[in-house]
Amino acid sequence: MASLSAREQAYQTIRSRIITMELKPGDPLNDRELAEQMGISRTPMREALIMLNIAHMVDIKPQSGTHVAPIDLKRMELEQFARFTLEKEILNRVRGHLTDQQEQEYRQIIENYRLLEADQTQPNRETRLLELDNQFHRKAFEITGMEAHFDHMLGELQHVERIRKFSLQTNENKSVCDAHTRILEMVLHGTAEELGEALESHLNRYKLSVEQARSVHPEYFTEG
């Protein structure tokens, strides 16, 4: 059990460092050095890197070693489609049925995001913005008692999560509060079609981030 715990800890730690772009596409990964940094043995670290390789976040090649994998745009499209399909279903289950308290909780999340987005002096700002974004999208899953499905889905969004880091550095990020507000309004008063359109427009915002990031770092991406 100790080895499994160390492996899972290593997996989550390296995955987080890749998603936040602390470890960038192409960066070498040395299992001995990483294990020493975390204070664990090399075996669970190797196992974690194999898990990340299966998740397409790490490339393991016998001749050239282990490196952070590029962001796969084709897999990103698949991940986004799966997320949109599931989240639209969950949102439609709560559409027209929010209590006053649930509506206010949604609006508080949006306001917290707005305040943090405007204050660039806040510590860990980008990480906290991502957490607030996730909190907004997780809310409908919580209301329906299906939050475990959201957590599982988020854990499977390997390539989409990586590009979200870039989105926080673009003008596109400033549209998040408006997009969240529109989704909430459609949950409260819209049709299923209007809600789907609002969600799709919001989730497709990453494409602008991809275009901007590719113009600066084309080496970070692959078409699969």
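Procedures and definitions
- Residues numbered from 1 in each chain as written.
- Predicted model: local features only at pLDDT ≥ 70, side-chain atom pairs only at ≥ 80, totals over all residues.
- Heavy atoms only, no water.
- Helix = DSSP H or I, 4+ residues; strand = E, 2+ residues; numbered from the N terminus.
- Rg over C-alpha atoms; globule rule 2.2 N^0.38 Å.
- Buried < 20%, exposed > 50% of the residue type's maximum accessible area, 1.4 Å probe, protein only.
- Contact = heavy atoms within 4.5 Å.
- Areas by Shrake-Rupley, 256 points an atom, 1.4 Å probe, with all protein chains shown as cover.
- Lys, Arg positive; Asp, Glu negative; His and termini not counted.
- Charge placed at Lys NZ, Arg CZ, Asp CG, Glu CD.
- Core = buried A, V, L, I, M, F, W, Y, C linked by side-chain atoms within 4.5 Å.
- Axes fitted to C-alpha atoms, helices over the stretch in contact; angles between N-to-C directions.
- Parallel < 35°, antiparallel > 145°, perpendicular 65-115°, else oblique.
- Nonpolar A, V, L, I, M, F, W, Y, C, P; charged D, E, K, R; others polar.

(A) Representation of the overall build of the chain within the structure. In terms of helices and strands, the chain carries 11 helices and four strands. The globule rule puts the C-alpha radius of gyration for 224 residues at 17 Å, and the 19 Å found for the chain is close to it. Based on the C-alpha atoms only, the size of the chain along its principal axes is roughly 55 × 45 × 35 Å. Counting over 224 residues, the chain shows a buried share of 45%. Contacts in the chain between residues at least 24 apart in sequence constitute 73% of all its contacts with a sequence separation of at least 6. Looking at the chain as shown, the accessible area adds up to about 11,800 Å², and 49% of this sits on carbon and sulfur atoms. Within the chain, the 37 negative side-chain charges are centred at a point lying 3 Å from the centre of the 28 positive side-chain charges.

(B) Here's a closer look at the nonpolar core. In terms of nonpolar packing, the biggest core is built from 43 residues, with Met 76, Leu 91, Ile 163, Phe 166, Ile 183 and Phe 221 touching the most fellow members. For this core, the secondary-structure elements that each account for two or more residues are α4 (73-94), α5 (100-118), α6 (125-143), α7 (147-156), α8 (158-167), α9 (176-189), α10 (192-203) and α11 (206-216). If you tally residues by element for this core, the top one is α9, at seven residues. Filtering out sequence-adjacent residues up to four positions away, Ile 183 remains in contact with Leu 91, Phe 136, Leu 195, Ala 198, Leu 199 and His 202. Among the nonpolar cores identified, the runner-up in size contains 19 residues, and Ile 14, Ala 55, Met 57 and Val 68 belong to it.

(C) Focus on the packing of α4 against α8. Their axes nearest at 7 Å, the elements α4 and α8 cross at an angle of 100 degrees. One finds that α4 runs roughly perpendicular with respect to α8. Of α8, the residues touching α4 (which contributes Arg 75, Met 76, Glu 79 and Gln 80) are Gln 158, His 159, Val 160 and Ile 163. Looking at side-chain class alone, the contact of α4 with α8 contains three nonpolar, three polar and two charged residues.

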